[in-house]
Amino acid sequence: MSKHDRRENLRLLPSVDAILQTATAARIRRQSGAKHLTLLARALTDALRREMLGEPSGDKNYSREELLAEAEKNLEKLWRNERNSGLRRVINATGVIVHTNLGRAPLSDEAVKALTENAARYCTLEYDLTTGERGRRGARVENLLAELTGADDALVVNNCAAAAFLVLTVLARGGEAVISRGELVEIGGDFRIPDVLEQSGARLREVGTTNRTRVSDYERAVSENTKLILRVHPSNYRIVGFTHAPALCELAELAREKDILLYEDAGSGAMFDLSRYGLTDEPVISDSIRAGADVVTFSGDKLLGGVQSGLIVGRGEVVEKIRKHPLYRALRVDKLIYAALEATLESFRREAAVQEIPVLKMLSATIEQLKTRSSGFAEKLNKNRGANKDLKIEIAEGKSVVGGGSAPTAQPATILLALEHERMSAAELEETLRFSNPPIITRILDDVVLIDLRTVSESEEAELLEILENI
Ligand SMILES: *Cc1c(COP(=O)(O)O)cnc(C)c1O
(Lines give C-alpha, C1' and ligand atoms only; values in the text may rest on other atoms or scores of the structure.)
Protein backbone atom coordinates (compact mmCIF):
# COMPACT_ATOMS: atom_id res chain seq x y z
CA MET A 1 0.00 0.00 0.00
CA SER A 2 1.45 3.36 -1.00
CA LYS A 3 1.70 6.28 1.31
CA HIS A 4 -1.02 7.88 -0.74
CA ASP A 5 -3.43 4.96 -0.29
CA ARG A 6 -2.75 4.91 3.39
CA ARG A 7 -3.60 8.60 3.66
CA GLU A 8 -6.68 7.90 1.57
CA ASN A 9 -7.71 5.20 4.05
CA LEU A 10 -7.16 7.55 6.98
CA ARG A 11 -9.55 9.99 5.38
CA LEU A 12 -12.24 7.33 5.63
CA LEU A 13 -11.65 6.90 9.35
CA PRO A 14 -14.90 7.71 11.17
CA SER A 15 -14.84 10.99 13.05
CA VAL A 16 -15.53 11.10 16.80
CA ASP A 17 -18.83 12.76 15.92
CA ALA A 18 -19.82 10.00 13.52
CA ILE A 19 -19.18 7.40 16.21
CA LEU A 20 -21.18 9.39 18.75
CA GLN A 21 -24.16 9.29 16.41
CA THR A 22 -24.35 5.52 16.09
CA ALA A 23 -27.05 3.45 17.77
CA THR A 24 -24.43 1.72 19.94
CA ALA A 25 -23.22 5.07 21.23
CA ALA A 26 -26.77 6.15 22.04
CA ARG A 27 -27.31 3.01 24.08
CA ILE A 28 -24.03 3.28 25.97
CA ARG A 29 -24.47 7.00 26.61
CA ARG A 30 -27.37 6.33 28.97
CA GLN A 31 -25.02 4.43 31.26
CA SER A 32 -21.71 6.15 30.68
CA GLY A 33 -22.73 9.80 30.39
CA ALA A 34 -21.95 11.95 27.34
CA LYS A 35 -18.54 13.18 28.49
CA HIS A 36 -17.14 9.75 29.14
CA LEU A 37 -18.58 8.45 25.87
CA THR A 38 -16.65 11.14 23.99
CA LEU A 39 -13.47 10.01 25.74
CA LEU A 40 -14.12 6.44 24.67
CA ALA A 41 -14.85 7.46 21.06
CA ARG A 42 -11.65 9.50 20.94
CA ALA A 43 -9.56 6.63 22.31
CA LEU A 44 -11.14 4.43 19.70
CA THR A 45 -10.39 6.62 16.68
CA ASP A 46 -6.82 7.03 17.92
CA ALA A 47 -6.44 3.28 18.17
CA LEU A 48 -7.94 2.73 14.71
CA ARG A 49 -5.64 5.35 13.20
CA ARG A 50 -2.59 3.74 14.80
CA GLU A 51 -3.71 0.35 13.59
CA MET A 52 -4.08 1.58 9.99
CA LEU A 53 -0.72 3.33 10.01
CA GLY A 54 0.97 0.26 11.39
CA GLU A 55 -0.56 -2.08 8.84
CA PRO A 56 1.91 -3.82 6.53
CA SER A 57 1.88 -2.58 2.93
CA GLY A 58 -0.34 -4.32 0.42
CA ASP A 59 -3.05 -4.80 3.00
CA LYS A 60 -6.74 -4.27 2.49
CA ASN A 61 -8.66 -1.17 1.45
CA TYR A 62 -11.54 -0.22 3.67
CA SER A 63 -14.88 1.35 2.94
CA ARG A 64 -16.26 4.14 5.11
CA GLU A 65 -19.13 1.90 6.25
CA GLU A 66 -16.85 -0.94 7.22
CA LEU A 67 -14.73 1.35 9.31
CA LEU A 68 -17.73 2.80 11.10
CA ALA A 69 -19.11 -0.67 11.81
CA GLU A 70 -15.69 -1.66 13.12
CA ALA A 71 -15.61 1.40 15.37
CA GLU A 72 -19.07 0.61 16.71
CA LYS A 73 -18.03 -2.93 17.54
CA ASN A 74 -14.89 -1.70 19.26
CA LEU A 75 -16.86 0.85 21.24
CA GLU A 76 -19.07 -1.93 22.54
CA LYS A 77 -16.04 -3.99 23.52
CA LEU A 78 -14.29 -1.05 25.20
CA TRP A 79 -17.37 -0.30 27.27
CA ARG A 80 -17.88 -3.93 28.20
CA ASN A 81 -14.26 -4.26 29.32
CA GLU A 82 -14.54 -1.14 31.39
CA ARG A 83 -17.67 -2.35 33.12
CA ASN A 84 -16.17 -5.77 33.67
CA SER A 85 -13.20 -4.18 35.40
CA GLY A 86 -15.52 -3.05 38.19
CA LEU A 87 -17.25 -5.17 40.79
CA ARG A 88 -19.72 -7.57 39.23
CA ARG A 89 -21.61 -10.45 40.70
CA VAL A 90 -20.36 -13.77 39.33
CA ILE A 91 -21.43 -17.36 39.69
CA ASN A 92 -18.57 -19.27 41.28
CA ALA A 93 -18.63 -22.70 39.70
CA THR A 94 -14.99 -23.44 40.58
CA GLY A 95 -15.68 -25.40 43.75
CA VAL A 96 -13.25 -23.20 45.69
CA ILE A 97 -15.37 -22.19 48.68
CA VAL A 98 -13.42 -19.29 50.19
CA HIS A 99 -12.21 -17.92 46.85
CA THR A 100 -10.05 -14.88 47.53
CA ASN A 101 -10.20 -13.60 43.95
CA LEU A 102 -13.98 -13.87 43.97
CA GLY A 103 -14.43 -11.97 47.22
CA ARG A 104 -13.91 -14.80 49.72
CA ALA A 105 -17.20 -15.44 51.50
CA PRO A 106 -20.62 -14.77 49.95
CA LEU A 107 -22.91 -13.26 52.60
CA SER A 108 -25.92 -14.88 54.20
CA ASP A 109 -29.38 -13.60 53.28
CA GLU A 110 -29.60 -12.24 56.81
CA ALA A 111 -26.35 -10.28 56.40
CA VAL A 112 -27.47 -8.86 53.04
CA LYS A 113 -30.75 -7.80 54.60
CA ALA A 114 -28.93 -6.11 57.49
CA LEU A 115 -26.77 -4.20 55.00
CA THR A 116 -29.62 -2.84 52.93
CA GLU A 117 -32.26 -2.42 55.62
CA ASN A 118 -30.15 -1.15 58.50
CA ALA A 119 -26.72 0.06 57.53
CA ALA A 120 -27.51 1.67 54.18
CA ARG A 121 -29.70 4.29 55.87
CA TYR A 122 -29.47 6.33 59.02
CA CYS A 123 -28.80 3.82 61.76
CA THR A 124 -27.82 3.48 65.39
CA LEU A 125 -24.07 3.28 64.68
CA GLU A 126 -23.18 5.44 67.71
CA TYR A 127 -26.60 6.02 69.17
CA ASP A 128 -28.23 4.31 72.12
CA LEU A 129 -31.96 3.95 71.58
CA THR A 130 -32.58 3.16 75.24
CA THR A 131 -31.13 6.38 76.60
CA GLY A 132 -31.40 8.58 73.52
CA GLU A 133 -27.75 9.42 73.99
CA ARG A 134 -24.51 8.64 72.27
CA GLY A 135 -23.75 4.93 72.19
CA ARG A 136 -20.61 2.91 71.61
CA ARG A 137 -19.92 1.98 67.98
CA GLY A 138 -19.84 -1.75 67.43
CA ALA A 139 -20.98 -2.59 70.96
CA ARG A 140 -23.41 -5.33 69.90
CA VAL A 141 -20.94 -7.05 67.57
CA GLU A 142 -18.32 -6.94 70.30
CA ASN A 143 -20.74 -8.48 72.78
CA LEU A 144 -21.73 -11.21 70.33
CA LEU A 145 -18.09 -12.02 69.64
CA ALA A 146 -17.29 -12.19 73.34
CA GLU A 147 -20.28 -14.41 74.03
CA LEU A 148 -19.51 -16.77 71.15
CA THR A 149 -15.82 -17.16 71.95
CA GLY A 150 -15.93 -17.00 75.72
CA ALA A 151 -13.62 -13.96 75.72
CA ASP A 152 -14.14 -10.96 78.02
CA ASP A 153 -14.17 -8.43 75.23
CA ALA A 154 -13.74 -8.00 71.47
CA LEU A 155 -12.84 -5.43 68.85
CA VAL A 156 -13.24 -5.20 65.07
CA VAL A 157 -10.80 -3.73 62.53
CA ASN A 158 -10.39 -3.79 58.76
CA ASN A 159 -8.92 -7.25 58.23
CA CYS A 160 -6.85 -9.80 60.06
CA ALA A 161 -3.60 -8.26 58.82
CA ALA A 162 -4.65 -4.97 60.44
CA ALA A 163 -5.63 -6.84 63.59
CA ALA A 164 -2.20 -8.49 63.84
CA PHE A 165 -0.44 -5.22 63.17
CA LEU A 166 -2.53 -3.42 65.78
CA VAL A 167 -2.12 -6.09 68.44
CA LEU A 168 1.65 -6.26 67.96
CA THR A 169 1.99 -2.47 67.89
CA VAL A 170 0.03 -2.00 71.09
CA LEU A 171 1.38 -4.97 73.01
CA ALA A 172 4.91 -5.60 71.74
CA ARG A 173 6.33 -2.35 70.34
CA GLY A 174 9.85 -1.72 71.61
CA GLY A 175 10.16 -5.23 72.97
CA GLU A 176 10.48 -8.77 71.75
CA ALA A 177 7.91 -11.20 70.41
CA VAL A 178 8.92 -14.83 70.66
CA ILE A 179 7.79 -17.04 67.78
CA SER A 180 8.61 -20.51 66.48
CA ARG A 181 10.63 -20.71 63.26
CA GLY A 182 7.93 -23.00 61.90
CA GLU A 183 5.43 -20.13 62.09
CA LEU A 184 7.39 -17.42 60.27
CA VAL A 185 5.11 -17.81 57.30
CA GLU A 186 3.79 -15.79 54.43
CA ILE A 187 0.05 -16.10 54.03
CA GLY A 188 -1.43 -15.27 50.60
CA GLY A 189 -1.68 -11.64 49.59
CA ASP A 190 1.65 -10.39 50.97
CA PHE A 191 1.00 -11.02 54.63
CA ARG A 192 4.40 -11.95 56.04
CA ILE A 193 4.70 -12.39 59.76
CA PRO A 194 8.32 -11.09 59.98
CA ASP A 195 7.34 -7.95 58.03
CA VAL A 196 4.28 -7.26 60.17
CA LEU A 197 6.42 -7.65 63.27
CA GLU A 198 9.03 -5.28 61.94
CA GLN A 199 6.44 -2.66 61.02
CA SER A 200 4.88 -2.89 64.44
CA GLY A 201 8.19 -1.98 66.05
CA ALA A 202 8.51 -5.34 67.82
CA ARG A 203 11.70 -7.37 67.58
CA LEU A 204 11.43 -10.88 66.33
CA ARG A 205 12.89 -13.59 68.55
CA GLU A 206 12.81 -16.87 66.65
CA VAL A 207 12.97 -20.14 68.52
CA GLY A 208 13.08 -23.82 67.67
CA THR A 209 13.44 -25.19 64.16
CA THR A 210 11.19 -25.22 61.13
CA ASN A 211 9.64 -28.56 62.05
CA ARG A 212 10.05 -28.89 65.82
CA THR A 213 9.74 -26.39 68.64
CA ARG A 214 9.37 -27.23 72.32
CA VAL A 215 8.18 -25.24 75.33
CA SER A 216 11.76 -25.22 76.62
CA ASP A 217 12.83 -23.38 73.43
CA TYR A 218 10.36 -20.63 74.23
CA GLU A 219 11.35 -20.61 77.89
CA ARG A 220 15.04 -20.09 77.12
CA ALA A 221 14.23 -17.20 74.77
CA VAL A 222 12.17 -15.21 77.25
CA SER A 223 14.09 -12.28 78.74
CA GLU A 224 13.22 -9.01 80.46
CA ASN A 225 12.64 -7.54 76.96
CA THR A 226 10.03 -10.13 76.01
CA LYS A 227 6.53 -8.70 75.69
CA LEU A 228 4.68 -11.65 74.31
CA ILE A 229 4.68 -15.11 72.82
CA LEU A 230 3.21 -15.15 69.34
CA ARG A 231 1.51 -18.24 67.96
CA VAL A 232 0.56 -18.09 64.28
CA HIS A 233 -1.65 -20.62 62.59
CA PRO A 234 0.25 -21.60 59.41
CA SER A 235 -3.05 -21.51 57.48
CA ASN A 236 -2.51 -22.64 53.90
CA TYR A 237 0.89 -24.17 54.62
CA ARG A 238 1.70 -27.41 56.39
CA ILE A 239 4.78 -29.15 57.61
CA VAL A 240 4.05 -32.84 57.93
CA GLY A 241 5.98 -35.74 59.34
CA PHE A 242 8.52 -35.27 62.12
CA THR A 243 6.99 -32.19 63.74
CA HIS A 244 6.21 -30.81 67.14
CA ALA A 245 4.71 -27.65 68.51
CA PRO A 246 3.62 -27.12 72.11
CA ALA A 247 -0.07 -27.04 72.91
CA LEU A 248 -1.46 -23.55 73.35
CA CYS A 249 -2.17 -24.24 77.04
CA GLU A 250 1.50 -25.04 77.63
CA LEU A 251 2.47 -21.69 76.13
CA ALA A 252 -0.22 -19.99 78.24
CA GLU A 253 1.26 -21.51 81.37
CA LEU A 254 4.72 -20.31 80.42
CA ALA A 255 3.41 -16.83 79.63
CA ARG A 256 1.69 -16.59 83.01
CA GLU A 257 4.78 -17.81 84.82
CA LYS A 258 6.96 -15.22 83.05
CA ASP A 259 4.37 -12.47 83.31
CA ILE A 260 4.17 -11.91 79.55
CA LEU A 261 1.25 -12.18 77.12
CA LEU A 262 0.20 -14.93 74.76
CA TYR A 263 -1.18 -13.83 71.40
CA GLU A 264 -2.53 -16.26 68.80
CA ASP A 265 -3.17 -15.24 65.20
CA ALA A 266 -5.65 -17.97 64.34
CA GLY A 267 -6.41 -16.80 60.80
CA SER A 268 -9.50 -18.56 59.58
CA GLY A 269 -11.71 -18.24 62.58
CA ALA A 270 -13.57 -21.50 63.13
CA MET A 271 -16.34 -20.87 65.66
CA PHE A 272 -16.83 -24.57 66.25
CA ASP A 273 -15.00 -27.80 65.46
CA LEU A 274 -15.00 -28.29 61.67
CA SER A 275 -13.14 -31.60 61.61
CA ARG A 276 -16.25 -33.49 60.48
CA TYR A 277 -15.95 -31.45 57.26
CA GLY A 278 -12.31 -32.38 56.81
CA LEU A 279 -10.82 -29.32 58.52
CA THR A 280 -8.97 -31.15 61.22
CA ASP A 281 -6.52 -28.55 62.46
CA GLU A 282 -8.34 -25.24 62.38
CA PRO A 283 -8.04 -23.62 65.79
CA VAL A 284 -11.49 -23.09 67.31
CA ILE A 285 -11.48 -19.59 68.78
CA SER A 286 -13.25 -20.50 72.01
CA ASP A 287 -10.73 -23.32 72.56
CA SER A 288 -7.86 -20.84 72.22
CA ILE A 289 -9.46 -18.52 74.76
CA ARG A 290 -10.11 -21.42 77.11
CA ALA A 291 -6.52 -22.60 76.68
CA GLY A 292 -5.41 -19.24 78.07
CA ALA A 293 -4.54 -17.01 75.11
CA ASP A 294 -4.68 -13.36 76.21
CA VAL A 295 -5.65 -12.23 72.74
CA VAL A 296 -6.68 -14.01 69.53
CA THR A 297 -7.18 -12.56 66.05
CA PHE A 298 -8.98 -14.01 63.02
CA SER A 299 -10.61 -13.00 59.74
CA GLY A 300 -14.29 -12.19 59.35
CA ASP A 301 -14.54 -13.46 55.78
CA LYS A 302 -12.85 -16.84 55.81
CA LEU A 303 -14.51 -19.69 57.70
CA LEU A 304 -16.65 -17.25 59.67
CA GLY A 305 -18.38 -16.58 56.36
CA GLY A 306 -18.95 -12.87 56.90
CA VAL A 307 -17.38 -9.68 55.60
CA GLN A 308 -13.75 -8.60 55.34
CA SER A 309 -12.73 -7.69 58.86
CA GLY A 310 -10.18 -8.51 61.51
CA LEU A 311 -11.67 -9.76 64.75
CA ILE A 312 -9.81 -9.37 68.01
CA VAL A 313 -11.00 -11.19 71.11
CA GLY A 314 -9.34 -11.55 74.47
CA ARG A 315 -8.89 -10.58 78.09
CA GLY A 316 -10.71 -7.44 79.19
CA GLU A 317 -7.79 -5.21 80.07
CA VAL A 318 -5.78 -6.30 77.02
CA VAL A 319 -8.61 -5.52 74.59
CA GLU A 320 -9.32 -2.23 76.37
CA LYS A 321 -5.69 -1.20 75.95
CA ILE A 322 -5.96 -1.92 72.21
CA ARG A 323 -9.25 -0.02 71.98
CA LYS A 324 -7.66 3.09 73.55
CA HIS A 325 -4.69 3.16 71.15
CA PRO A 326 -4.84 5.83 68.40
CA LEU A 327 -4.01 3.24 65.75
CA TYR A 328 -7.33 1.52 66.47
CA ARG A 329 -9.14 4.69 65.39
CA ALA A 330 -7.32 4.51 62.05
CA LEU A 331 -8.20 0.86 61.48
CA ARG A 332 -11.80 0.80 62.67
CA VAL A 333 -14.60 -0.36 60.38
CA ASP A 334 -17.68 1.12 58.81
CA LYS A 335 -21.35 0.63 59.71
CA LEU A 336 -21.76 -1.71 56.71
CA ILE A 337 -19.25 -4.10 58.23
CA TYR A 338 -20.88 -4.03 61.66
CA ALA A 339 -24.31 -4.68 60.16
CA ALA A 340 -23.17 -7.72 58.15
CA LEU A 341 -21.08 -9.08 61.03
CA GLU A 342 -23.92 -8.68 63.49
CA ALA A 343 -26.23 -10.75 61.30
CA THR A 344 -23.52 -13.35 60.63
CA LEU A 345 -22.69 -13.75 64.31
CA GLU A 346 -26.36 -14.02 65.21
CA SER A 347 -26.63 -17.05 62.91
CA PHE A 348 -23.88 -18.68 64.96
CA ARG A 349 -25.53 -17.77 68.26
CA ARG A 350 -28.85 -19.32 67.37
CA GLU A 351 -26.94 -22.36 66.09
CA ALA A 352 -28.19 -21.92 62.55
CA ALA A 353 -24.82 -21.14 60.95
CA VAL A 354 -24.61 -24.37 58.95
CA GLN A 355 -28.03 -23.65 57.41
CA GLU A 356 -27.62 -19.89 56.94
CA ILE A 357 -23.97 -19.03 56.34
CA PRO A 358 -23.13 -19.91 52.71
CA VAL A 359 -19.52 -20.91 53.39
CA LEU A 360 -20.60 -23.42 56.03
CA LYS A 361 -23.54 -24.61 53.98
CA MET A 362 -21.20 -25.36 51.06
CA LEU A 363 -18.62 -26.95 53.31
CA SER A 364 -21.20 -29.24 54.87
CA ALA A 365 -22.91 -30.27 51.61
CA THR A 366 -22.70 -34.06 51.43
CA ILE A 367 -21.64 -36.04 48.39
CA GLU A 368 -25.18 -37.50 48.18
CA GLN A 369 -26.72 -34.03 48.10
CA LEU A 370 -24.27 -32.96 45.41
CA LYS A 371 -24.95 -36.08 43.40
CA THR A 372 -28.70 -35.44 43.49
CA ARG A 373 -28.27 -31.80 42.53
CA SER A 374 -25.80 -32.54 39.75
CA SER A 375 -27.76 -35.32 38.14
CA GLY A 376 -30.97 -33.29 38.37
CA PHE A 377 -29.14 -30.39 36.74
CA ALA A 378 -27.72 -32.53 33.93
CA GLU A 379 -31.14 -34.05 33.30
CA LYS A 380 -32.82 -30.64 33.04
CA LEU A 381 -30.10 -29.38 30.74
CA ASN A 382 -30.42 -32.39 28.47
CA LYS A 383 -34.18 -32.00 28.32
CA ASN A 384 -34.45 -28.24 27.82
CA ARG A 385 -31.69 -27.28 25.48
CA GLY A 386 -33.71 -28.00 22.35
CA ALA A 387 -31.64 -27.41 19.26
CA ASN A 388 -28.43 -26.89 21.20
CA LYS A 389 -27.10 -30.43 20.92
CA ASP A 390 -23.50 -29.31 20.70
CA LEU A 391 -23.06 -29.20 24.43
CA LYS A 392 -22.24 -32.52 26.06
CA ILE A 393 -22.62 -32.86 29.80
CA GLU A 394 -21.28 -35.65 31.94
CA ILE A 395 -21.07 -36.32 35.64
CA ALA A 396 -17.70 -36.99 37.22
CA GLU A 397 -16.16 -37.33 40.64
CA GLY A 398 -13.68 -34.76 41.81
CA LYS A 399 -12.53 -32.49 44.63
CA SER A 400 -13.67 -29.11 45.88
CA VAL A 401 -11.22 -26.79 47.66
CA VAL A 402 -11.90 -25.01 50.95
CA GLY A 403 -9.41 -22.21 50.25
CA GLY A 404 -9.00 -18.92 52.12
CA GLY A 405 -6.06 -19.87 54.24
CA SER A 406 -7.33 -23.26 55.33
CA ALA A 407 -5.19 -26.38 55.03
CA PRO A 408 -4.27 -27.09 51.40
CA THR A 409 -5.10 -30.70 52.08
CA ALA A 410 -8.72 -29.86 52.87
CA GLN A 411 -10.33 -30.96 49.62
CA PRO A 412 -13.82 -32.34 50.14
CA ALA A 413 -14.91 -34.96 47.59
CA THR A 414 -17.45 -33.56 45.17
CA ILE A 415 -19.48 -34.26 42.04
CA LEU A 416 -18.57 -32.32 38.93
CA LEU A 417 -20.44 -31.48 35.76
CA ALA A 418 -18.00 -31.95 32.88
CA LEU A 419 -18.86 -29.89 29.79
CA GLU A 420 -17.67 -30.33 26.24
CA HIS A 421 -18.82 -28.49 23.14
CA GLU A 422 -18.77 -29.82 19.57
CA ARG A 423 -17.61 -26.57 18.02
CA MET A 424 -15.68 -24.93 20.85
CA SER A 425 -12.45 -25.77 22.60
CA ALA A 426 -12.49 -25.94 26.40
CA ALA A 427 -10.78 -22.53 26.49
CA GLU A 428 -13.43 -21.03 24.21
CA LEU A 429 -16.25 -22.50 26.25
CA GLU A 430 -14.66 -21.25 29.47
CA GLU A 431 -14.41 -17.75 27.95
CA THR A 432 -17.97 -17.82 26.66
CA LEU A 433 -19.20 -18.65 30.15
CA ARG A 434 -16.98 -15.95 31.65
CA PHE A 435 -18.50 -13.39 29.27
CA SER A 436 -22.07 -14.42 30.03
CA ASN A 437 -24.41 -12.41 32.20
CA PRO A 438 -23.86 -13.03 35.05
CA PRO A 439 -20.31 -14.26 34.38
CA ILE A 440 -19.78 -17.92 35.25
CA ILE A 441 -16.34 -18.78 36.54
CA THR A 442 -15.33 -22.37 35.84
CA ARG A 443 -12.14 -24.36 35.71
CA ILE A 444 -10.59 -26.49 32.99
CA LEU A 445 -9.02 -29.87 33.56
CA ASP A 446 -7.77 -32.09 30.75
CA ASP A 447 -9.56 -30.03 28.08
CA VAL A 448 -12.91 -30.28 29.84
CA VAL A 449 -14.79 -27.40 31.47
CA LEU A 450 -15.78 -28.32 35.01
CA ILE A 451 -18.67 -27.01 37.06
CA ASP A 452 -18.83 -27.76 40.77
CA LEU A 453 -22.33 -27.07 42.09
CA ARG A 454 -21.01 -27.04 45.67
CA THR A 455 -20.19 -23.33 45.31
CA VAL A 456 -23.27 -22.49 43.23
CA SER A 457 -26.24 -21.54 45.38
CA GLU A 458 -29.59 -23.11 44.64
CA SER A 459 -30.95 -19.73 43.56
CA GLU A 460 -28.14 -19.42 40.99
CA GLU A 461 -28.79 -22.85 39.52
CA ALA A 462 -31.66 -21.64 37.33
CA GLU A 463 -29.53 -18.83 35.90
CA LEU A 464 -26.71 -21.23 35.22
CA LEU A 465 -29.07 -23.63 33.51
CA GLU A 466 -30.52 -20.92 31.29
CA ILE A 467 -27.08 -19.70 30.22
CA LEU A 468 -25.95 -23.22 29.36
CA GLU A 469 -29.14 -23.93 27.45
CA ASN A 470 -28.55 -20.92 25.25
CA ILE A 471 -24.89 -21.28 24.47
C1 LIG B 1 -5.56 -15.01 56.34
C2 LIG B 1 -4.69 -14.75 57.49
C3 LIG B 1 -4.29 -13.45 57.80
C4 LIG B 1 -4.67 -12.28 56.96
O5 LIG B 1 -6.05 -12.06 57.07
P6 LIG B 1 -6.78 -10.93 56.19
O7 LIG B 1 -8.15 -10.92 56.78
O8 LIG B 1 -6.71 -11.39 54.79
O9 LIG B 1 -6.06 -9.67 56.41
C10 LIG B 1 -3.48 -13.26 58.90
N11 LIG B 1 -3.08 -14.30 59.66
C12 LIG B 1 -3.47 -15.57 59.41
C13 LIG B 1 -2.98 -16.66 60.31
C14 LIG B 1 -4.29 -15.84 58.32
O15 LIG B 1 -4.67 -17.09 58.04
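Cut-off values and rules
- Residues numbered from 1 in each chain as written.
- Predicted model: local features only at pLDDT ≥ 70, side-chain atom pairs only at ≥ 80, totals over all residues.
- Heavy atoms only, no water.
- Pairing = 2+ DSSP bridges.
- Helix = DSSP H or I, 4+ residues; strand = E, 2+ residues; numbered from the N terminus.
- Axes fitted to C-alpha atoms, helices over the stretch in contact; angles between N-to-C directions.
- Contact = heavy atoms within 4.5 Å.
- UniProt positions renumbered as here; feature names shortened; annotations may be inferred.
- Near = heavy atom within 4 Å.
- Polar contact = N/O pair within 3.5 Å; in protein donor to acceptor, adjacent residues only side chain to side chain.
- Areas by Shrake-Rupley, 256 points an atom, 1.4 Å probe, with all protein chains shown as cover.
- Nonpolar A, V, L, I, M, F, W, Y, C, P; charged D, E, K, R; others polar.
- Salt bridge = Lys/Arg side-chain N within 4 Å of Asp/Glu carboxyl O.
- Buried < 20%, exposed > 50% of the residue type's maximum accessible area, 1.4 Å probe, protein only.
- Core = buried A, V, L, I, M, F, W, Y, C linked by side-chain atoms within 4.5 Å.
- Domains from an automatic or database assignment.
- Arc of directions from axis to C-beta.

Things to note about the sheet that holds strand S16 (residues 413-421)
Strands pair in a sheet through their backbones, by hydrogen bonds, and they do so in one of two ways: parallel or antiparallel.
Logical step 1: One open sheet accounts for four strands, arranged S14-S16-S19-S18; its pairing is antiparallel. On the outer flanks of this sheet lie strand S14 (391-399) and strand S18 (443-445), each paired with one strand and no other. Averaged over all pairs of adjacent strands, the angle between strand axes in this sheet comes to 40°, irrespective of strand direction.
Logical step 2: Of the strand pairs in this sheet, S14 and S16 are connected by nine bridges, and their pairing is antiparallel. Residue pairing in the sheet places lysine 399 in a bridge with alanine 413 of S16.
Logical step 3: Seen against the sheet, helix H18 (residues 367-384) touches S14 and S16 and runs at an angle of roughly 20° to S16.

Describing the UniProt feature "modified residue: N6-(pyridoxal phosphate)lysine" (unreviewed entry) in the protein chain
Logical step 1: Taking the UniProt record as the reference, the feature "modified residue: N6-(pyridoxal phosphate)lysine" (unreviewed entry) is found at Lys302.
Logical step 2: By the element assignment, lysine 302 lies in the loop between strand S12 (295-299) and strand S13 (310-314).
Logical step 3: When near neighbours in sequence (up to four residues on either side) are disregarded, lysine 302 contacts Val98, Arg104, Ala105, Gly267, Ser268, Val359 and Gly404.

Notes on the site of the ligand
Logical step 1: Around the ligand, the surrounding shell consists of Arg104, Asn159, Cys160, Ala161, Ile187, Phe191, His233, Ser235, Asp265, Gly267, Ser299 and Lys302.
Logical step 2: One of the side-chain nitrogen or oxygen atoms of serine 235 is found 2.5 Å away from an oxygen atom of the ligand.
Logical step 3: Between a nitrogen atom of the ligand and a side-chain N or O atom of aspartate 265, the distance comes to 2.6 Å.
Logical step 4: Coverage of the ligand by the protein chains reaches 93% of its 380 Å² of free accessible surface.
Logical step 5: When contributions to the shell around the ligand are tallied by element, the ones reaching two or more residues are helix H8 (160-172) and strand S11 (261-267).
Logical step 6: The residue inventory of the shell around the ligand, partitioned by class, reads four nonpolar, five polar and three charged.

A short note on the pattern of salt bridges
Proximity of charged atoms lets side chains of opposite charge pair with each other.
Logical step 1: Here the structure, examined in full by the defined rule, presents 28 salt bridges.
Logical step 2: Note that arginine 349 and glutamate 147 form a salt bridge whose closest N and O atoms lie 3.0 Å from each other. With a gap of 202 residues between them, arginine 349 in helix H15 (residues 335-349) and glutamate 147 in helix H7 (residues 139-149) connect regions that are remote in the sequence.
Logical step 3: Here arginine 349 falls in the partly exposed class, since its relative accessible area comes to 37%.

Focus on the nonpolar core
Logical step 1: With 93 residues, the main nonpolar core has Leu145, Leu166, Leu228, Leu230, Ile312, Val313 and Ile322 as its most contacted residues.
Logical step 2: Looking at which element gives the most residues to this core, the answer is H8, with nine residues.
Logical step 3: Here this core gathers at least three residues from each of two domains, domain 2 (91-101 + 363-469) and domain 3 (107-356).
Logical step 4: Residues within four places of leucine 228 in sequence aside, it is in contact with Leu168, Leu171, Ala172, Glu176, Ala177, Val178, Ile260, Leu261 and Tyr263.
Logical step 5: Among the nonpolar cores identified, the runner-up in size contains 21 residues, and Phe377, Leu453, Leu464 and Leu468 belong to it.

Let's talk about helix H9 (residues 193-200)
Logical step 1: Where H9 is concerned, the buried positions are Ile193, Val196, Leu197 and Ser200. End-on, the buried residues of H9 take up no more than an arc of 100°, which puts them together on one face. Exposed residues pointing more than 90 degrees away from the buried face of H9 are listed as Glu198 and Gln199.
Logical step 2: On the buried face of H9, the contacting elements are H8, strand S6 (176-180), strand S8 (191-192), strand S9 (203-207), strand S10 (226-232) and S11.
Logical step 3: Directly after H9, the chain includes glycine 201, whose backbone phi takes a positive value near 85°.

Examining the sheet that holds S6
Logical step 1: Read from one edge of the open sheet, seven strands run S5-S13-S12-S11-S10-S6-S9, paired in mixed fashion. Here the strands that pair on one side only, and so sit at the sheet edges, are strand S5 (153-157) and S9. For this sheet the average axis-to-axis angle between neighbouring strands, irrespective of direction, equals 25°.
Logical step 2: Where S11 lies against S12, four bridges are found, and the strand directions are parallel. Pairing of aspartate 265 across the sheet is with threonine 297, part of S12.
Logical step 3: Against the sheet, H9 makes contact with S6, S9, S10 and S11, and its axis sits at roughly 155° relative to S10, the strand it touches most.

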